[in-house]
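Survey of secondary and tertiary structure
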Amino acid sequence: MALPALSENHTDPQAYPPGIAYMDGQYFEVSKARVSILDYGFLHSDATYDVVHTWDGAFFRLDLHLERFFSNIDALQMTIPYSKDDVETVLHNCVGLSGLKDAYVEMVCTRGTSPSFSRDPRDAVNRFMAFAIPFGSIANPSQMQRGLHAVISPTTRIPASSVDPSVKNYHWLDMVQGLYHAYGAGGDTTILLDGDGNVTEGPGFNIFSVRDGWLTTPVRGVLQGITRRTVFDLCGEIDVPCSAGILTPADLEAADEVFVTSTAGGLMPITTINAKRVGDGTVGPIFSTLKEAYWKKHKAPEWTTKVREYA
Ligand code: PLP
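This one's a predicted model, so the numbers in the text were calculated from it and none came from an experiment.

**Re the pattern of salt bridges**
Per the stated rule, a full pass over the model turns up 14 salt bridges. E88 is the salt-bridge partner of R308, the closest N and O atoms lying 3.8 Å from each other. Taken together, the residues span a long stretch of sequence, with R308 in the segment after strand 15 (304-306) and E88 in helix 3 (residues 84-98) at a distance of 220 residues. Residue R308 is classed as partly exposed on the basis of its relative accessible area of 45%. Between D188 and R146 there is a salt bridge whose closest N-O contact spans 2.9 Å. Taken together, the residues D188 in the loop between helix 5 (173-184) and strand 8 (189-191) and R146 in helix 4 (residues 141-146) connect sequence positions 42 residues apart. Overall, the relative accessible area of 35% leaves R146 in the partly exposed class. Three or more residues are tied together by salt bridges with common partners; here these are R61, R229 and D233.

Structure representation (structure tokens):
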């Protein structure tokens, strides 16, 4: 049997959202950006990343995202030939070229690969890439109104002693399994527990409970989310007590309100857990106050950076 002819260029039959990607000094339409099939970021989930958003043409808390991205690159013993300022310029350019005002902007560092496909990670040339696509939220508009319905996952979060969740990573199989369980049970999203049965986080978000006016979020086994940090900052400003501690499923059940936080959507309410109502089953007042304060801050000069192209 004759071998098939080699193609000159790869033609991808998938459809992609609009947007701009950067790699190797070049900017592309997202649909034209290619990662090598031999990149350990793809083959081994050997990568770290960060996601910042722009809203109405300005980045939100960009300095915190850049700081976390560079400290996570260090934590994984990777290096990239770009300074923080270089990466910031690439992000501005991706958004500016995309024309998007409300964008989901991701920066990625993968282990890369080596010319010999060496198994020694030290031989790999680490890769930096970035992209800007339209802003997306974990909760859609109707879920924002009625609240997300969460289901506790029967599979636990990957232990923090194995894969450090504070280093933002692509080890998502635990969360994806949890999502399928939640969908099967009629829910929208999932909450993962750790090996001791305590609440950790969910696919792309941190979790807060509100009880008698006091906010609690898990202290460990989670990503130190920038939106989580923003909730602490907002609580400080409006004098609402908020602390990080141990949170159990029973605490969630007894809570007046539960909500989740993510760059992808900001603050989002949870109104049922395992089909049981949280509080009275409606979106709570403390959540609503904090959500409003969060979006108001998108106009505050100290927390925003205008996209250069739009300045
Ligand atoms: N936890 C996990 C596992 C995440 O992937 C994310 C964001 O993607 C978050 C929490 C929330 O972090 P941030 O507020 O920085 O977006």
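From this point on, the discussion continues.
**Section: the site of the ligand**
The environment of the ligand is formed by 17 residues, the closest being K168, E201, I226, T227 and T263. At 2.9 Å from an oxygen atom of the ligand is found a side-chain nitrogen or oxygen belonging to R68. A distance of 2.7 Å is found between a nitrogen atom of the ligand and a side-chain nitrogen or oxygen belonging to E201. For the ligand, whose unbound accessible area comes to 390 Å², protein coverage reaches 93%. Where the shell around the ligand is concerned, the elements lending two or more residues are helix 6 (226-238) and strand 12 (257-262). Here the shell around the ligand is built from residues that sort into 6 nonpolar, 8 polar and 3 charged.

**Considering the sheet that holds strand 6 (residues 125-134)**
The sheet built from 7 strands is open, its strands ordered 2-1-6-5-3-4-15 with antiparallel pairing. The open sheet has two edge strands with one neighbour each: strand 2 (26-29) and strand 15. Going from strand to strand, the sheet's axes swing by 25 degrees on average, the running direction of each strand aside. Bridging between strand 3 (residues 47-55) and strand 5 (residues 103-113) involves 8 bridges; their strand directions are antiparallel. Bridging across to strand 5, A47 finds its partner in T110. Of the strands in this sheet, strand 1 (20-23), strand 2, strand 3, strand 4 (58-60), strand 5, strand 6 and strand 15 are in contact with helix 3, which crosses strand 6 at around 35 degrees.

**Regarding the confidence of the model for the chain**
Low pLDDT marks regions whose predicted coordinates should not be analysed in detail. Averaged over the chain, the pLDDT score is 97; the fraction of residues at 70 or greater is 100%. Strand 12 holds the highest mean pLDDT among the elements of the chain, 99, whereas strand 2 holds the lowest, 97.

**Quick look at the side chain of T261**
By the element assignment, T261 lies in strand 12. With a relative accessible area of 2%, T261 lands in the buried category. In contact with T261, other than residues within four places in its own chain, are G204, F205, N206, F208, T227, R228, V231, G266 and L267.

**Details of the packing of aromatic side chains**
Enumeration according to the criterion identifies 18 aromatic pairs in this entry. Geometrically, the ring pair formed by Y22 and Y82 is edge-to-face, given 6.1 Å between the ring centres and 85 degrees between the ring planes. Remark: Y82 occurs in the loop between helix 2 (62-75) and helix 3 and Y22 occurs in strand 1; sequence separation between them is 60 residues. A relative accessible area of 6% places Y22 in the buried class. Ring geometry for F135 and W295: centres 6.5 Å apart, planes at 85 degrees, overall edge-to-face. Placement of F135 in the loop between strand 6 and helix 4 and of W295 in helix 8 (residues 285-296) is noted, with a sequence separation of 160 residues between them. Among the aromatic residues, those joined into a cluster by ring pairs are Y22, Y27, F69, F70, Y82 and F128. Cation over ring: R61 sits above W303, and NZ or CZ is 3.7 Å from the ring centre. The ring of W303 carries K297 above its face, with NZ or CZ at 4.7 Å from the centroid.

What counts and what doesn't
Sequence order sets the numbering: in each chain, residues are counted from 1 along the sequence as written. Per-residue local features are limited, in this predicted model, to residues with pLDDT of at least 70; the limit for side-chain atom pairs, both in listing and counting, is 80 or more; totals at the level of whole chains, interfaces and linings are taken over all residues. As a convention, hydrogens and water are excluded, and side-chain values are obtained from all of the structure's heavy atoms. Here, a salt bridge means any Lys or Arg side-chain nitrogen found within 4 Å of an Asp or Glu carboxyl oxygen. Working definition: helices are DSSP H or I runs of at least four residues, strands are E runs of at least two. Numbering for both runs from the N terminus. Note on exposure labels: buried denotes an accessible area under 20% of the residue type's maximum, exposed denotes more than 50%, and partly exposed covers the range between, all computed with a 1.4 Å probe on protein chains only. Throughout, the term near means that a residue has one or more heavy atoms lying within 4 Å of the molecule or strand in question. Counted as a polar contact is a pair of N or O atoms within 3.5 Å, where, for protein atoms, one must be capable of donating a hydrogen and the other of accepting one, and residues adjacent in sequence contribute only when both atoms are in side chains. A 1.4 Å probe and the Shrake-Rupley method give the accessible areas. Residues count as covered only by the protein chains that appear here. Residue polarity follows a fixed list, in which Ala, Val, Leu, Ile, Met, Phe, Trp, Tyr, Cys and Pro are nonpolar, Asp, Glu, Lys and Arg are charged, and the others, Gly among them, are polar. Each pair of strands is called paired provided DSSP finds at least two bridges between the two strands. Only the contacting stretch of a helix is used when fitting its axis, a line to C-alpha atoms as for every element, and angles between N-to-C directions run 0 to 180 degrees. Any pair of residues with heavy atoms lying within 4.5 Å of one another is described as a contacting pair. Scored from 0 to 100, pLDDT records how confident the predictor is in each individual residue. Pairing of aromatic rings covers Phe, Tyr and Trp, the last counted by its six-membered ring, and requires centre-to-centre distances within 6.5 Å; plane angles under 30 degrees mean stacked, over 60 mean edge-to-face, and any other angle means tilted. By definition here, charges over rings are those cases where NZ of Lys or CZ of Arg is within 6 Å of the ring centre and within 35 degrees of the ring normal.

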